[in-house]
Amino acid sequence: MLKTILAISGKPGLYKLISQAKNMLIVETVSAEKKRVPVYASDKVISLGDIAMYTDAEEVPLGEVLESVKKKENGNVTALDYKKASADELHAFMAEVLPNYDRDRVHTSDIKKLIQWYNLLVSNGETDFVETEKAAE
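Residues numbered from 1 in each chain as written. Predicted model: local features only at pLDDT ≥ 70, side-chain atom pairs only at ≥ 80, totals over all residues. Heavy atoms only, no water.

In this numbering, the UniProt entry assigns the feature "domain: DUF6852" (unreviewed entry) to residues 51–121. In the segment residues 51–121, helix accounts for 51% and strand for 8%; the C-alpha atoms at its two ends are 15 Å apart. (UniProt positions renumbered as here; feature names shortened; annotations may be inferred. Helix = DSSP H or I, 4+ residues; strand = E, 2+ residues; numbered from the N terminus.)

This next bit is on the environment of Lys 113. With respect to the helices and strands, Lys 113 occurs in helix α3 (residues 108–123). Among the residues examined, Lys 113 registers a relative accessible area of 38% and is labelled partly exposed. C-alpha separation for the pair Lys 113 and Ala 52, spaced 61 residues apart in sequence, amounts to 13 Å. (Buried < 20%, exposed > 50% of the residue type's maximum accessible area, 1.4 Å probe, protein only.)

With that settled, the discussion passes to the environment of Lys 35. Along the polypeptide, Lys 35 turns up in the loop between β3 (24–29) and β4 (36–40). Through-space distance from the C-alpha of Lys 35 to that of Tyr 15 is 9.4 Å; in sequence the pair is 20 residues apart. Apart from residues lying up to four places away in sequence, Lys 35 is in contact with Val 27, Glu 28 and Thr 29. (Contact = heavy atoms within 4.5 Å.)

The next thing to look at is the sheet that holds β4. Ordered by their spatial adjacency, five strands build an open sheet running β4-β3-β2-β1-β5, and the pairing between neighbours is antiparallel. Each edge of the open sheet carries a strand with a single partner, namely β4 and β5 (45–47). Strand-to-strand twist across the sheet, computed as the mean angle between neighbouring axes with direction ignored, equals 45°. Strand direction decides the pairing type here: β3 and β4, joined by five bridges, are antiparallel. Residue Glu 28 lies in a different strand from β4, and its bridge partner there is Arg 36. (Pairing = 2+ DSSP bridges. Axes fitted to C-alpha atoms, helices over the stretch in contact; angles between N-to-C directions.)

As for its position among the elements, Ser 47 is in strand β5. The exposure class assigned to Ser 47 is buried, which follows from its relative accessible area of 8%. Of note is the side chain of Ser 47, whose polar atom sits 3.3 Å from the backbone oxygen of Leu 2. Ignoring any residue separated from it by four or fewer positions in sequence, one finds Ser 47 in contact with Leu 2, Lys 3, Ile 5 and Leu 6. (Polar contact = N/O pair within 3.5 Å; in protein donor to acceptor, adjacent residues only side chain to side chain.)

Turning next to the packing of helix α1 (residues 62–72) against α3. Running from N to C, α1 and α3 point in directions that differ by 70°, and their axes come no closer than 11 Å. As the angle between them shows, α1 and α3 are arranged roughly perpendicular. Contacts between α1 and α3 involve Leu 62, Val 65, Leu 66, Val 69 and Lys 70 from the first element and Leu 114, Trp 117, Tyr 118 and Leu 121 from the second. Per-class residue counts for the contact of α1 with α3 are eight nonpolar, no polar and one charged. (Parallel < 35°, antiparallel > 145°, perpendicular 65-115°, else oblique. Nonpolar A, V, L, I, M, F, W, Y, C, P; charged D, E, K, R; others polar.)

Despite not being glycine, Lys 34 shows a phi value in the positive range, around 50°. Tracing the backbone through its elements, the reader meets Lys 34 in the loop between β3 and β4. Of note in the backbone geometry, Asn 74 takes a positive phi value of approximately 55° without being a glycine. Structurally, Asn 74 can be placed in the loop between α1 and α2 (87–97).

Time to look at α1. All of the buried residues in α1 are Leu 62, Gly 63, Val 65, Leu 66, Glu 67 and Val 69. Considering only its buried residues, α1 is in contact with β6 (52–54), β7 (59–61), α2 and α3. Just past α1, the residue Asn 74 takes up positive phi, approximately 55°.

Below, the structure written as structure tokens:
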């Protein structure tokens, strides 16, 4: 599911991939308005499935981190307001979600973005963060 959810540099929010053309993508906002817009080759686009968070050992895929937030918040929007929270509160939240995250390489802005993306996805019904393994029978 996260492979089709995109973050576009310079544009707020998240976008769902709808279609591809020769030199552009058609995306739809992941919000109540469902507005479709073109994204051109000059825009920096990254799939949420390609993002990972730094830990002391290795990188953890964003899907697993979002799933951990979902377990902590019981599938609801986070109780922590990332806009008003202090840096210490944000780092304490991250320590609960991912205890061994790299405190040097994961910045406060990264934690804010994680909470913002999680809240946006959950409030719009996107809650399948980890691909379920299908039996190869």
